[in-house]
Amino acid sequence: MINKYQAHIYVTLRPSVLDPAGTAVQSGLAQMGHENVEQIRIGKYIELKLQATDEATARSQVELICDQLLANPVIENYRFELETGSRE
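Before going into details, it helps to say that this report is about the structure given with it. Numbering of residues starts from 1 in every chain and runs along the sequence as written. Where local features are concerned, this predicted model is filtered to residues with pLDDT of at least 70; where side-chain atom pairs are given and counted, the filter is 80 or more; whole-chain, interface and lining totals use all residues. Excluding hydrogens and water, the side-chain values take into account all heavy atoms of the structure.

Let's talk about the packing of aromatic side chains
Moving on, step 1. Each Phe, Tyr or Trp ring (for Trp, its six-membered ring) is paired with any other whose centre lies within 6.5 Å, and the angle between the two planes then decides the class: stacked below 30 degrees, edge-to-face above 60, tilted in between. Applying the stated criterion across every chain, the model contains 1 aromatic pair.
Moving on, step 2. Here the aromatic rings of Tyr-10 and Tyr-45 are separated by 5.2 Å at their centres, their planes lie at 45°, and the arrangement is tilted. Within this pair, whereas Tyr-10 is found in strand β1 (residues 3-13), its partner Tyr-45 is found in strand β2 (residues 43-52), the two being separated by 35 residues in sequence.
Moving on, step 3. As a reminder, the over-ring test applies to NZ of lysine and CZ of arginine, requiring each to be within 6 Å of the ring centre and within 35 degrees of the ring normal. The residue whose ring lies beneath Arg-79 is Tyr-10, and the NZ or CZ to ring-centre distance is 4.2 Å. In DSSP terms, a helix is any run of H or I states spanning at least four residues, a strand is any run of E spanning at least two, and both are numbered starting from the N terminus.

This is the structure:
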């Protein structure tokens with residue numbers, strides 16, 4: 001039996017990597033009067049739907065997809081949440 005899953009994937013820069021986009025947004029907010037914002041880090045959010053025989057297989061496939069394409073393991077971290085959908 002095949003199950004449907006939806007992954008919610010969050011990709012962020014590693015803490016040691018500079019984030020020029022985050023710095024630019026923080027500067028813009030300061031100019032707008034939001035000077036109390038201490039730090040902004042910009043990341044990516046990805047939704048992915050897939051089919052797998054079980055949750056362990058789905059998790060393994062999402063990890064492989066993240067490692068191979070969605071995240072750059074040299075400068076980015078990722079985490080994901082997996083939701084179970086319907087069965088076919």
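A few points about the side chain of Gln-6
Moving on, step 1. For Gln-6, the location among the structural elements is in strand β1.
Moving on, step 2. Within the local environment of Gln-6, its side chain forms a polar contact with the side chain of Glu-47, the two groups lying 3.3 Å apart.
Moving on, step 3. A contact between two residues is defined here by any heavy atoms of the two lying within 4.5 Å. Filtering out sequence-adjacent residues up to four positions away, Gln-6 remains in contact with Glu-47, Leu-48, Lys-49, Glu-81, Leu-82 and Glu-83. Think of a polar contact as two N or O atoms within 3.5 Å of one another; within protein, one of them needs to be a possible hydrogen donor and the other a possible acceptor, and neighboring residues in sequence only count if both atoms come from side chains.

Thoughts on the pairing of β1
Moving on, step 1. Burial status follows relative accessibility: with a 1.4 Å probe on protein chains alone, a residue under 20% of its type maximum counts as buried, one over 50% as exposed, and anything between as partly exposed. Where burial is concerned, most of β1 is hidden: 8 out of the 11 residues are buried.
Moving on, step 2. Pairing between β1 and β2: 10 bridges, direction antiparallel. From the neighbouring strand, Ile-9 faces β2, where its bridge partner is Ile-46. Two strands are said to pair when DSSP picks up at least two bridges between them.

Here's the deal with the environment of Tyr-10
Moving on, step 1. The class for Tyr-10 is partly exposed, based on a relative accessible area of 27%.
Moving on, step 2. Each C-alpha atom, one on Tyr-10 and one on Tyr-45, is 4.8 Å from the other, the two residues being 35 residues apart in sequence.
Moving on, step 3. When near neighbours in sequence (up to four residues on either side) are disregarded, Tyr-10 contacts Lys-44, Tyr-45, Asn-77, Tyr-78, Arg-79 and Glu-81.

Remarks on the pattern of salt bridges
Moving on, step 1. Salt bridge criterion: a side-chain nitrogen from Lys or Arg within 4 Å of a carboxyl oxygen from Asp or Glu. For the coordinates displayed, the defined rule picks out 3 salt bridges.
Moving on, step 2. Taking the shortest distance from any N to any O, the salt bridge between Arg-79 and Glu-81 comes out at 3.5 Å.
Moving on, step 3. Exposure remark for Arg-79: the relative accessible area of 49% places this residue in the partly exposed category.
Moving on, step 4. Glu-81 gets classed as partly exposed once you look at its relative accessible area, which sits at 40%.

Focus: the nonpolar core
Moving on, step 1. Counting 15 residues, the largest nonpolar core has Ile-9, Leu-48 and Val-62 as the members making the most contacts within it.
Moving on, step 2. Every element with two or more residues in this core is listed here: β1, β2, α2 (55-70) and β3 (76-87).
Moving on, step 3. Leave out the neighbours within four places in its chain, and Val-62 touches Ala-7, Ile-9, Leu-48, Leu-50, Phe-80 and Leu-82. We call a set of buried residues a nonpolar core when its members are Ala, Val, Leu, Ile, Met, Phe, Trp, Tyr or Cys and they connect through side-chain atoms within 4.5 Å of each other.

Brief notes about the side chain of His-8
Moving on, step 1. Along the chain, His-8 turns up in strand β1.
Moving on, step 2. Given a relative accessible area of 10%, His-8 falls into the buried group.
Moving on, step 3. Within the structure, the side chain of His-8 is placed 2.6 Å from the side chain of Tyr-45, a separation counted as a polar contact.
Moving on, step 4. Here Glu-83 takes part through its side chain, which lies 3.2 Å from a polar atom of the side chain of His-8.
Moving on, step 5. Other than its neighbours up to four places away in sequence, His-8 contacts Tyr-45, Ile-46, Glu-47, Arg-79, Phe-80, Glu-81 and Glu-83.

As far as function goes, none of this settles anything; it's purely spatial.
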